[in-house]
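So you can see what is in the structure, the chains are spelled out below.
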Amino acid sequence: MNPVERIRHQLGDLSHLIDDSTLTRALYSSDASLYRVPPQAVARPETREHLIALVRAALACHVPVTVRGAGTSCAGNAVGEGLVIDVARHLHRIHEINPEARTAVIDPGVVQETLQQAAAPHGLRLGPDPSTSSRCTVGGMIGNNACGPHAVAFGRTADNVDRLRLLLADGREAAAGPGGLGVDAVDGLAELVAANLAAIRTGLGRFKRQVSGYSLEHLLPENGRNLASFLVGSEGTLALVTEATVRLVPRQASPVLVVLGYPDMASAADDTVPLLAHGPLAVEGLDAQLVDAVRRAKGSVPALPAGAGWLFVEVGAEGGVDAMTRARALADAAATDAVDIRPAGPEARELWRIRADGAGLGGRTPAGNPAWPGWEDSAVPPENLGAYIREFEALLGSHGLAGLLYGHFGDGCLHIRIDFPLEADDGRPRFRAFMEEAADLAARFGGSLSGEHGDGRARSEL
């Protein structure tokens, strides 16, 4: 029997869950990345028990497993050559929202925006909010430690997970978090951490968006030896999540938007750290080329302060001080006189839409060339961001490449899609050469190859 037939045999009465039709395999061969990997088969479990049975059957047949949500991964995390298990189709139940504890218990296939809507009547929300919130699953967010604009205030997914129900690589069920599996219960893990305390303390967890690789800093004694947070961002390589308890945060009723104009993106980045002292909810950077792309697509955009690079800074009420007062104080502290302050309402929403639309339009350069993921979300400590942007733009120019810059500047995270000439005869070696130099540059600035979205196929080698 071939591997797929062996899995069907292992499943017995559940064999109908396996689909190896040509159409289905083609549909699940890609995600939002550069990569296409046809799986041997696809399964869409209808219950948690189905999910567990599928994984155990694949393990018994030595078939690799890739669990995926909506396939929004930019780094090739959601495609695999063995059995792809889609949890978004059926495993999307919200089991409980506890307003007092500010937690939600959910299936891994729950879409992030669905959880936001369910938590809203309680005045709560999930803190991380990636731009794909209308379709990304929380299980996928746990897989790649998703962040989004409001991570500057509410942290990454790793900072918002309380407890995980898991399926381990040997098919055992376990839980991580309060009352669950601890570091000492995993053979060799406590010893690994103890033998490398100095390296972990000095090399990992140096800034919030350092999410490449395994986040061993969560296992340090001073960080509570938090196995659940450590597993977030491991991209399904250590355990599979069958249920999650996530922490919720209060919703800001009427945040105020401060738009600040600068001569260029790097100058805007230079001004980010002083503004962080004012406790903003979000600090997003936009480039004039991105705004021009939105203008071409939509015909017009709301008026922006003078400049060629902008910071969109959201401020809420805090400590008895209303949002508008805090917004004016932040604007006064900015190193620019090009300022526009907008209270919550339609005008602020239209300005934020520039950022949302620009993210979608970043798939083409100003010259109209297709722009690709691969190196789209590197991050450096925010104090290094301005210098990093200047050298990164020089690196693009030296390779004859272009793309539209924007990013989560409050966290030092830079987004870009790049017009790699993948169709050219020398397209692959040119792609590799750029990726290696870009990795060296990010490392030189104390940065991370990935600030969200995970490493996947795009960056794991690096």
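Placed above this text is the structure.
No experiment lies behind these values; they were computed from the predicted model shown.

Undergrad: In this structure, what is going on with the overall build of the chain? I would like to understand it.
TA: If you tally the helices and strands in the chain, you get 17 helices and 18 strands. For a compact globule of 462 residues, the expected C-alpha radius of gyration is about 23 Å, and the chain comes in at 22 Å, within 12% of that figure. C-alpha atoms of the chain, sized along the principal axes, occupy 70 × 60 × 45 Å. Accessible surface, the chain as shown: approximately 19,100 Å² in total, 50% of it carbon and sulfur. Averaged over its 42 positive side-chain charges, the chain has a centre that lies 3 Å from the centre of its 56 negative ones.

Undergrad: Explain the sheet that holds strand β17 (residues 406-408) to me, please; I cannot follow it from the model alone.
TA: The strands making up a sheet associate through backbone hydrogen bonding, with each pair oriented either parallel or antiparallel. An order of β15-β12-β14-β13-β17-β18-β16 is seen for the 7 strands of this open sheet, with the pairing classed as antiparallel. One side of each edge strand has no neighbouring strand; the edge strands of this open sheet are β15 (339-342) and β16 (377-379). Recorded for the sheet is a direction-independent mean angle of 20 degrees between the axes of neighbouring strands. Sheet topology places strand β13 (residues 282-287) next to strand β14 (residues 309-315); 6 bridges connect them, and they run antiparallel. Residue glycine 285 lies in a different strand from β14, and its bridge partner there is leucine 311. With respect to the sheet, helix α13 (residues 323-333) is in contact with β12 (256-262), β14 and β15, its orientation differing from that of β12 by roughly 10 degrees.

Undergrad: Help me out: how do you make sense of the packing of helix α12 (residues 288-298) against helix α14 (residues 346-361) in this one?
TA: Helix-helix packing: each pair is described by the crossing angle between the helix axes and the interaxial distance. Interaxial distance between α12 and α14 falls to 9 Å at its minimum, and their mutual angle equals 90 degrees. Taken together, the axis directions place α12 and α14 in an arrangement best described as roughly perpendicular. Judged by residue contacts, Leu290, Val291, Ala293, Val294, Ala297 and Lys298 of α12 engage Arg353, Ile354, Asp357, Gly358 and Leu361 from α14.

Undergrad: Hey, could you run me through unusual backbone geometry in this one?
TA: Only a minority of non-glycine residues have a phi that is not negative, and only a minority of peptide bonds are not trans. Look at arginine 102: it is not a glycine, yet its phi comes out positive at around 55 degrees. Looking at the element boundaries, arginine 102 is found in the loop between β5 (94-98) and β6 (103-106).

Undergrad: How do you make sense of the packing of helix α1 (residues 3-11) against helix α3 (residues 48-60) when you look at a structure like this?
TA: Orientation of α1 relative to α3, taken along the N-to-C sense of each, is 130 degrees, at an axis distance of 9 Å. One way to sum up the angle between α1 and α3 is to call them oblique. The interaxial crossing formed by α1 with α3 has right-handed handedness. Two secondary-structure elements touch here, α1 through Ile7, Gln10 and Leu11 and α3 through Ala53, Leu54, Ala57, Ala58 and Ala60.

Undergrad: Sorry, what's going on with the pattern of salt bridges here?
TA: Side-chain pairs of opposite charge can arise where the charged atoms are in close proximity. Under the counting rule described, the total for this entry stands at 26 salt bridges. Between aspartate 170 and arginine 172 there is a salt bridge; the shortest N-O distance is 2.7 Å. The shortest N-O distance in the salt bridge between aspartate 270 and arginine 390 comes to 2.6 Å. Note that aspartate 270 is positioned in helix α10 (residues 265-270) and arginine 390 in helix α15 (residues 385-398), a separation of 120 residues in sequence. For aspartate 270, a relative accessible area of 42% corresponds to the partly exposed category. Taken together, the shared-partner salt bridges in this structure form one network comprising Lys208, Arg209, Asp411 and Glu452.

Undergrad: Just to check I follow, could you spell out the packing of aromatic side chains for this structure?
TA: Each pair of aromatic rings is reported with the distance of its centres and the angle of its planes. Under the definition given, this model contains 7 aromatic pairs. On the numbers, 5.9 Å between centres and 35 degrees between planes, the contact of tyrosine 388 with phenylalanine 392 is tilted. In this pair, tyrosine 388 and phenylalanine 392 both sit in helix α15, 4 residues apart, roughly one turn of the helix. Here the two residues tyrosine 388 and phenylalanine 392 agree in accessibility, since each one is buried. Members of the aromatic cluster, each reached through a chain of ring pairs, are Tyr388, Phe392, Phe420, Phe431, Phe434 and Phe445.

Undergrad: Just checking my understanding: could you explain the pairing of β14 for this structure?
TA: The buried count for β14 comes to 7 of 7 residues, which makes it a mostly enclosed element. Neither face of β14 is exposed, since Gly309, Leu311, Val313 and Val315 on one face and Trp310, Phe312 and Glu314 on the opposite face are all buried. Of the strand pairs in this sheet, β12 and β14 are connected by 7 bridges, and their pairing is antiparallel. Each residue of the ladder has a partner; that of valine 258, found in β14, is valine 313.

Undergrad: What's the story with the side chain of aspartate 107 in this structure? I'm lost.
TA: Along the chain, aspartate 107 falls in the loop between β6 and α4 (112-119). Summary of buried charges: aspartate 107 has no salt-bridge partner, and the nearest side chain of opposite charge, arginine 93, is 6.2 Å away. When neighbours within four sequence positions are excluded, aspartate 107 is seen to be in contact with Leu91, His92, Arg93, His95 and Thr242.

Undergrad: So what exactly am I meant to see when it comes to the sheet that holds strand β10 (residues 239-247) here?
TA: With antiparallel pairing, 5 strands are arranged side by side in an open sheet as β5-β6-β10-β8-β9. For this open sheet the edge positions go to β5 and β9 (173-176), each flanked by a neighbour on one side alone. The sheet shows a mean angle of 15 degrees between the axes of neighbouring strands, taken without regard to direction. Here 4 bridges tie strand β8 (residues 161-168) to β9, and the two strands are oriented antiparallel to one another. For arginine 165, the partnering residue across the bridge sits in β9 and is alanine 175. Of the strands in this sheet, β5, β6 and β10 are in contact with α4, which crosses β5 at around 40 degrees.

Undergrad: Help me out: how do you make sense of the environment of alanine 151 in this one?
TA: Looking at where alanine 151 falls in the secondary structure, it is placed in helix α6 (residues 151-154). Separated by 58 residues in the primary sequence, alanine 151 and arginine 209 have C-alpha atoms spaced 9.3 Å apart.

Reading guide: rules and limits
- Residues numbered from 1 in each chain as written.
- Predicted model: local features only at pLDDT ≥ 70, side-chain atom pairs only at ≥ 80, totals over all residues.
- Heavy atoms only, no water.
- Helix = DSSP H or I, 4+ residues; strand = E, 2+ residues; numbered from the N terminus.
- Rg over C-alpha atoms; globule rule 2.2 N^0.38 Å.
- Areas by Shrake-Rupley, 256 points an atom, 1.4 Å probe, with all protein chains shown as cover.
- Lys, Arg positive; Asp, Glu negative; His and termini not counted.
- Charge placed at Lys NZ, Arg CZ, Asp CG, Glu CD.
- Pairing = 2+ DSSP bridges.
- Axes fitted to C-alpha atoms, helices over the stretch in contact; angles between N-to-C directions.
- Contact = heavy atoms within 4.5 Å.
- Parallel < 35°, antiparallel > 145°, perpendicular 65-115°, else oblique.
- Left-handed = near helix turned anticlockwise from the far one by under 90°.
- Salt bridge = Lys/Arg side-chain N within 4 Å of Asp/Glu carboxyl O.
- Buried < 20%, exposed > 50% of the residue type's maximum accessible area, 1.4 Å probe, protein only.
- Phe/Tyr/Trp six-rings, centres within 6.5 Å; stacked < 30°, edge-to-face > 60°.

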